[in-house]
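Here is how the chains run, residue by residue.
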Amino acid sequence: MVESRVDRQQALDLFENCDLLELGEMAQAFRWRQHPQKKVTFAIDRNINYTNICECQCRFCAFYRRPEDVDAFVIDEAVLHQKIAETVELGGTQILLQGGLHPDLKIDYYIGLLETIKKDFPVIHIHGFSPPEIFHIATLSKLSLGETLQQLKKAGLGSIPGGGAEILDDRVRTLISPNKIGWRRWLEVMETAHGLGLRSTATMMFGSLETPKELVEHLFRVRDVQDRTGGFTAFIPWSFQPTNTALGYEVTQTATGIDYLRVLALSRLVLDNIDNLQASWVTQGTKMAQVALYFGANDFGSTMIEENVVAAAGVHFSSSLEELVDTIKEAGFAASQRDTLYNMIKDY
Amino acid sequence: MKKFNEIAKKQRAGERLSSAEALYLYEEGDFFTLGKLAAEINQKINGETVYYNINCHINPTNICVNQCRFCAYSKQKGEDGAYEQCVGDILGEVKDAEVLGIREFHIVGGLHPDWPFEYYLELLQSLKNEHPAIVLKAFTAVEIDYFAKISGLDILTVFKRLQAVGLQAMPGGGAEIFAPAIREQICPEKISGARWLEIMEMAHQLAIPTNATMLYGHVESFTDRLDHMEKLRSLQDKTGGFQVFIPLAFHATNTAIRKKGETSAIDDLKTLAIARLYLDNFQHIKAYWVMLGEKIAQLALLFGVNDLDGTVVRERITHAAGAKSAAGLSEAYIRNAIINAGRKPVERDTFYNPVSGGQHG
C-alpha cells in the first residue's frame, strides 16, 4: 500500500508492472478514504452539440464536418429550447453544451446562446465549452482568456467540461490532433477558469499513440494544477474509439477492458486531490462500468439523454435513468442523483 | 475474512469446497480476494495457457416446439422471422470453412415439429463428407431426447446412429438450471434436469465428450446455482466426460422473462471464480464472450478462466436476445486480448489439444 503521495516513477511502475487486481484493490482503498459511503452518484443531463462544424478536424474524431458538408449544422434556437425543455421534464439539472470550432461564430453568438437558455430555463446548469472552444472563441473575438471566460460566466456559463485534453503532451497532440491547442494552453484555460470561480472536470483520452510515460505525465500535469486551484471536480478517463476516424487506421490495437481498468485505478491513486472519478459507461459499456466501481470510480457520469460524439464513432451503449440506477445497484452500491457540482439531489 | 482464509487454505490443500462454503463465497466473498484465489487455483491446473478455438455455429432452424421463457431465438412455424435451412443451404454457407481455419462445427437448433431424424443424420453425414477434418460438436441433450421421440428409437441407438455419421462431441446447452421449481418457470416444456444428466452420462459412456452449461441471472437463487454445479460435479466424478463448464449469463431483451437488464458484471465474474473453485474435477472454465461481452470475458481471465471460446462465426441465438457483443471476433483480437491479460494464447481443437498452424487472420 502506498502511504505517501505517489510520484511519477512509482506511478509508471504501478502502471506497467502491478498486477491488475492488486492495483484495483489499492484504488478501491483510496476510494473508500475519499468516499467512505458505498454510494455511486450520477447527474441527469443531456449533451447538446450546438454545431458539428469544426476547424480542428482531429484525427480521432468521427463527429466533425466541414461547413460545406450536407450534414453540417448549427443548432436552431427552437430545437435547442425543445431539447432543454425535454431534459427538465426528465428531471435533468444540467446540459453539456459543446460544439466544434466554428470559423465564424464569435463571442456574441455564445453570449446570446447562454442568455437565451438562462432566460427560459433559469435553473438549468450549463456545463459548457471545453478549453479548445474557449481559446478559439477568445482568439476569434480578439479577447484575452480571462475576458472571454468572464463574459461567458456573466451570460450564464456554470462550469467547464474537461474535453479536448486528449493526452496532455505535445508529441502525442501533434500526431492525433495537430490543430488543437497544446497541453500548456489547455491547462491555462482551466487554471484561468478556476481563478474566476468556474469549476471544471478533466478528461483523458488514452489508447491512441501515447506511451505509458506520456499517459502518466498527463495525470501529474492535471494534479499539479489541482494542487494550485482545487478547481477540478472530477477526472474522466476514456479510451479512443476507432470506428469512422482517420486515426482508426493507424491504431491497430485499441485499448482493452484491462487497459481501461488499469488507467482508471492509476488515476485514483495519482489524483488524490480530485474527489471524483467517473466510470465511462458510454465508451466501456455498462458491465465494464460496474467493474470500474471496484477499481476506484465513485461516479457514473450522467444519464446523457442524448449523446452524439461517441455514437458517431460507432459505439452505442444507451441507458435510461432506470437502467442506470439498476446498473449501479446491481453492482452493489446505492445510487444518488447529484448536480454538476456534486451536491446530492436525490437517493434512489 | 477468517472463514475465507479457511476456505482458501482448504483449496490450496486440494480439498473440495462444500456447497455451504461456495454459498458463503457468493454472499460474502470479496470480489478481489475471490478473483485472486480462483486465478491461483487455475494457474495450478492450467498454468499460463488460455485456450481459444476457431469454430462456426450452425443453427439449422429457429422453429421450436418448446417455448422456453428465456429464449428470444425460437419461433413457431409460420411466425414472422421463422427460418429453416436445408442441408444444401448449410453446406453452401460453410463451404469455405477450411480457408477460414475453422476446426469445429458447433451445431444446435430448435426442435423442429416436422423434420425427421434422418434430416440430422444427413446433415452430419454431408458435413463430414465435405469437411472430413472438421470436428462435429453437435446437438444438446434436449435435441437428443427429441430425436429419440420423433424416431421411436432409444437414446443409445440415437447416439450410435449419430456417431456412425460423424458425431464426435456435444455442446452443453439445455442444462439451464436443474432445480425443478425453476425449470417449471423458465422452460416448462423442456426435459428435466435429471433427464439432461442421464443423457449426458450415456454420451460419456459412449466416449462422446460434452460441455456443461448453466444459465444464470433469471429467477434462480445462489442455492439453485450451487445445486446445479453440485449435480455436474457428481456426474463428472462418475464419468469424467465433461470437458468444460460454461456459465451463461442470461440476456433479458426480447424474452418472456421480465427482469431488468442483464446480470451484473460482478455476478458474472464471481460466478466464474466460484465455478473454478467448486468444480475441482473440471479442467476448463470458459468465459463465453458472446454473452458476457468481449471486455468482461477478457477480465474473466484474471478470475480463474482458461478458455475464451473462439472466433464464433455466425452466432444467432444470443444476438437474437440483444447481445451487444460483436457477431464474430478475429483471431488476432482474441490473441491480443489474452496476451494483454498476461496469459499465453493457444489455439485448441474441440478436445483441448493444442493445435499449431498459427494465425488465420
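Refer to the preceding data block for the structure.
These figures come from a predicted structure and were not determined experimentally.

Cut-offs and rules
Residues numbered from 1 in each chain as written. Chains lettered and ligands numbered in written order. Predicted model: local features only at pLDDT ≥ 70, side-chain atom pairs only at ≥ 80, totals over all residues. Helix = DSSP H or I, 4+ residues; strand = E, 2+ residues; numbered from the N terminus. Rg over C-alpha atoms; globule rule 2.2 N^0.38 Å. Buried ≥ 20, exposed ≤ 12 C-beta atoms within 10 Å, placed from the backbone. Pairing = 2+ DSSP bridges. Contact = placed C-beta atoms within 7 Å. Axes fitted to C-alpha atoms, helices over the stretch in contact; angles between N-to-C directions. Nonpolar A, V, L, I, M, F, W, Y, C, P; charged D, E, K, R; others polar. Parallel < 35°, antiparallel > 145°, perpendicular 65-115°, else oblique.

A.B. asks: For this particular structure, what's the right way to read the overall build of chain B?
C.D. replies: From N to C terminus, chain B includes 15 helices and 10 strands. By the compact-globule yardstick of 21 Å for 361 residues, chain B fits well, its C-alpha radius of gyration being 20 Å. With the C-alpha coordinates of chain B rotated into their principal frame, the extents come out at 60 × 45 × 40 Å. The buried share of chain B, taken over its 361 residues, is 51%.

A.B. asks: Hey, could you run me through the sheet that holds strand E7 (residues 242-249) of chain B in this one?
C.D. replies: Hydrogen bonding along the main chain pairs the strands of a sheet, whether they run parallel or antiparallel. Residues and elements named next belong to chain B. As summarised here, the arrangement of the 3 strands in space is E6-E7-E8, forming an open sheet in which the pairing is parallel. Either end of the sheet is taken by a strand with one partner, and the two such strands are strand E6 (210-216) and strand E8 (284-285). The pairing of E6 with E7 spans 7 bridges and is parallel. Residue pairing in the sheet places threonine 210 in a bridge with phenylalanine 242 of E7. Helix H10 (residues 222-239) rests against E6 and E7 of the sheet, and its axis sits at about 170° to E6. Strand contacts of helix H11 (residues 265-278): E6, E7 and E8, with the helix running at about 160° to E7, the strand carrying the most contacts.

A.B. asks: For this particular structure, what's the right way to read the sheet that holds strand E1 (residues 49-53) of chain B?
C.D. replies: Residue and element names in this part refer to chain B. The sheet built from 3 strands is open, its strands ordered E9-E1-E10 with parallel pairing. At either margin of the open sheet sits one strand with a lone partner, and together these are strand E9 (307-310) and strand E10 (344-347). Averaged over all neighbouring strand pairs, the angle between strand axes comes to 25°, with direction disregarded. Along the sheet face, helix H15 (residues 331-340) touches E1, E9 and E10 and points at about 145° away from the line of E10.

A.B. asks: Even after reading the chapter, I still don't get the environment of A:Gly195, so can you show me in this structure?
C.D. replies: All names here are of chain A. Here glycine 195 lies in helix H8 (residues 183-195). Its 13 C-beta neighbours within 10 Å are what place glycine 195 among the partly exposed residues. Remark: the alpha-carbon pair of glycine 195 and glutamine 94, spanning 101 residues in sequence, is separated by 22 Å.

A.B. asks: What's the story with the interface of chain A and chain B in this structure? I'm lost.
C.D. replies: Accessible area lost upon the coming together of the parts is a frequently used measure of interface size. Counting from both sides, the interface comprises 22 residues of chain A and, opposite them, 21 residues of chain B. Sorting the residues of the side of chain A that touches chain B by element identifies helix H2 (20-34), helix H10 (257-270), helix H12 (286-292) and helix H14 (321-330) of chain A as the ones contributing at least two each. Tallied by class, the residues present in the side of chain A that touches chain B amount to 7 nonpolar, 9 polar and 6 charged.

A.B. asks: Please clarify how unusual backbone geometry should be interpreted in this entry.
C.D. replies: With glycine set apart, most residues show a phi of negative sign, and most peptide bonds adopt trans. Residues and elements named next belong to chain A. Positive phi, normally seen in glycine, also occurs at glutamine 57, with a value near 50°. Mapping glutamine 57 onto the fold places it in the loop between strand E2 (45-49) and helix H3 (77-89). Given 16 C-beta atoms within a 10 Å radius, glutamine 57 is considered partly exposed. One non-glycine residue with positive phi stands out, namely glutamate 166, at about 45°. The topology assignment puts glutamate 166 in the loop between strand E5 (157-160) and helix H7 (170-176). Residue glutamate 166 is classed as buried on the basis of its C-beta count, with 24 C-beta atoms lying within 10 Å.

A.B. asks: For this particular structure, what's the right way to read the pairing of E5(A)?
C.D. replies: If a strand is regular, its side chains alternate between the two faces of the sheet. All names here are of chain A. Across 2 bridges, strand E4 (residues 125-128) lies against E5 in parallel orientation. Counted as the bridge partner of isoleucine 126 is leucine 157 from E5. Bridge count for E5 against strand E6 (residues 199-206) is 2 bridges, and the pairing is parallel. Bridge pairing links serine 159 to arginine 199 in E6.

A.B. asks: Explain the packing of helix H6 (residues 141-151) of chain B against helix H9 (residues 193-205) of chain B here, please?
C.D. replies: Two quantities define a packed helix pair, namely the angle between the helix axes and the distance between the axes. Residue and element names in this part refer to chain B. Running from amino to carboxyl end, H6 crosses H9 at an angle of 85°, the nearest separation of the two axes being 9 Å. With respect to H9, the axis of H6 lies roughly perpendicular. Where H6 approaches H9, its residues Ala141, Ile144 and Asp145 are matched on the opposing element by Arg195, Trp196, Ile199 and Met200. Residues of the contact of H6 with H9, tallied by class, amount to 5 nonpolar, no polar and 2 charged.

A.B. asks: Which parts of the structure should I look at to understand the pairing of E1(B)?
C.D. replies: Residue and element names in this part refer to chain B. Counted residue by residue, E1 has 4 buried out of 5 residues, so it is predominantly covered. As defined by bridge partners, E1 adjoins E10 across 4 bridges and the pair is classed as parallel. Note on E10: the bridge partner recorded for valine 50 is proline 345. The sheet contact formed by E1 and E9 spans 2 bridges and is parallel. Opposite tyrosine 51, over in E9, you have aspartate 307 as the bridge partner.

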